[in-house]
Amino acid sequence: QVQLQESGPRLVKPLQTLSLTCTVSGGSISSGGYYWSWIRQPAGKGLEWIGRIDTSGSTNYNPSLKSRVTISVDTSKNQFSLKLNSVTAADTAVYYCARALYYHESSGRQDWLDPWGQGTLVTVSS
Amino acid sequence: DIQMTQSPSSLSASVGDRVTITCRASQTISNYLNWYQQKPGKAPKVLIYAASSLQSGVPSRFTGSGSGTDFTLTISSLQPEDFATYYCQQSYSTSWTFGQGTKVEIK
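Values in this document were obtained by computation on a predicted structure and should not be read as measured data.

(A) The overall build of chain A, seen in detail. When helices and strands are counted, chain A shows 0 helices and 11 strands. Along the chain direction, N to C, the helices and strands of chain A fall in the order β-β-β-β-β-β-β-β-β-β-β. Relative to the compact-globule value of 14 Å for 126 residues, chain A shows a C-alpha radius of gyration of 14 Å, a close match. In terms of overall dimensions, chain A has C-alpha extents of about 50 × 30 × 25 Å along its principal axes. Looking at chain A as a whole, 48% of its 126 residues qualify as buried. Put simply, 54% of the contacts in chain A that link residues at least 6 apart link residues at least 24 apart. In the form shown here, chain A has an accessible surface area of approximately 5,700 Å², with 48% of it arising from carbon and sulfur atoms.

(B) Quick peek at the sheet that holds strand 7 (residues 62-67) of chain B. Residue and element names in this part refer to chain B. Strand order in the open sheet made by the 4 strands is 1-3-8-7, with antiparallel pairing throughout. The sheet is open, and its two edges are formed by strand 1 (4-7) and strand 7, each paired on a single side. The average undirected angle you get between the axes of adjacent strands in this sheet is 15°.

(C) Region of interest: the interface of chain B and chain A. Listed by partner, the interface residues are 22 residues for chain B and 29 residues for chain A. In total, about 2,000 Å² of surface goes out of reach between chain B and chain A, with carbon and sulfur atoms giving 55% of it. In terms of surface lost to chain A, no three residues of chain B exceed Tyr32(B), Trp96(B) and Phe98(B), which account for 35% of the buried area on that side. On inspection of chain B and its partner chain A, the count reaches 0 salt bridges.

(D) Fine view of the packing of aromatic side chains. Under the defined criterion, the tally for this structure stands at 15 aromatic pairs over all chains. Centroid distance Tyr32(B) to Tyr92(B): 5.8 Å. Interplanar angle 75°. Geometry classified as edge-to-face. In this pair, Tyr32(B) sits in the loop between strand 3 (19-25) and strand 4 (33-38) while Tyr92(B) sits in the loop between strand 9 (85-90) and strand 10 (97-98), placing the two residues 60 residues apart along the sequence. Given a relative accessible area of 5%, Tyr32(B) falls into the buried group. Linked through ring pairs, Tyr34(A), Trp36(A), Trp38(A), Phe80(A) and Tyr102(A) together constitute an aromatic cluster. The cationic tip of Arg52(A) hangs over the ring face of Tyr35(A); the distance from NZ or CZ to the ring centre is 3.8 Å.

(E) How the structure looks around the state of the cysteines. In this structure the tally under the stated criterion is 2 disulfides over all chains. Covalently, Cys22(A) is tied to Cys97(A) through a disulfide, its sulfur atoms 2.1 Å apart. Linking Cys22(A) and Cys97(A), the disulfide has an S-S dihedral of approximately 65° and is accordingly described as right-handed. Of this pair, Cys22(A) sits in strand 3 (residues 18-25) while Cys97(A) sits in strand 9 (residues 93-105), and the two are 75 residues apart along the sequence. The burial state of Cys22(A) is the same as that of Cys97(A); both residues are buried. The disulfide bridge from Cys23(B) ends at Cys88(B), spanning 2.1 Å between sulfur atoms. Here the disulfide of Cys23(B) and Cys88(B) is right-handed, its torsion about the S-S bond being about 70°. Of this pair, Cys23(B) sits in strand 3 while Cys88(B) sits in strand 9, placing them 65 residues apart in sequence. Here the two residues Cys23(B) and Cys88(B) agree in accessibility, since each one is buried.

The rules behind these values
Residues numbered from 1 in each chain as written. Chains lettered and ligands numbered in written order. Predicted model: local features only at pLDDT ≥ 70, side-chain atom pairs only at ≥ 80, totals over all residues. Heavy atoms only, no water. Helix = DSSP H or I, 4+ residues; strand = E, 2+ residues; numbered from the N terminus. Rg over C-alpha atoms; globule rule 2.2 N^0.38 Å. Buried < 20%, exposed > 50% of the residue type's maximum accessible area, 1.4 Å probe, protein only. Contact = heavy atoms within 4.5 Å. Areas by Shrake-Rupley, 256 points an atom, 1.4 Å probe, with all protein chains shown as cover. Pairing = 2+ DSSP bridges. Axes fitted to C-alpha atoms, helices over the stretch in contact; angles between N-to-C directions. Buried area = accessible area lost by both parts, 1.4 Å probe. Salt bridge = Lys/Arg side-chain N within 4 Å of Asp/Glu carboxyl O. Phe/Tyr/Trp six-rings, centres within 6.5 Å; stacked < 30°, edge-to-face > 60°. Lys NZ or Arg CZ within 6 Å of the ring centre and 35° of its normal. Disulfide = S-S within 2.5 Å.

Listed below in structure tokens is the structure:
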């Protein structure tokens, strides 16, 4: 079955760019018409959706992060990536990648996040 | 942005109890509502999608209901492995949002 794995630097300095990659195994990122998402969770807090991308490269972002976030996809490597600019300590969190399963119904498209990667803790500190 | 508000934020319950968690959307979202379970140190796992559809492999003691702005996750008979934090998430808009979570603890 499809599995996702996050990778990237665990420590980022303030005002620099956080960069993470999610590698998809067990299936092609290009097939199926899925959305691929990033979600984060500060320690002891709830989940925050960061954004999503489809394999045509179309993106949607959380409005509160939109000015600092870029999500991209590399179908040749079966990966998608997250870049978050100008980070501060408030961006310290566990970052998850996930695929959105879906089906179409008469009123639109239902999406839900499954599976998720195991998550990676990124700390912003000098 | 669509805001999702869960209640309660936490609850204490015993094994065998019936537990109900509610989630309210700041605007109508039809049935575009999913429920996740998260255990400490683990990634969330989907339980219910499209408000009431049970994800494959999830025990039938979990049920979801609701439409519009008000939704409910019910655990019919709480089991030891169900002590966790539960999140709702809307997929109605192009900017998805989660509720703040409900922690289910052992009484």
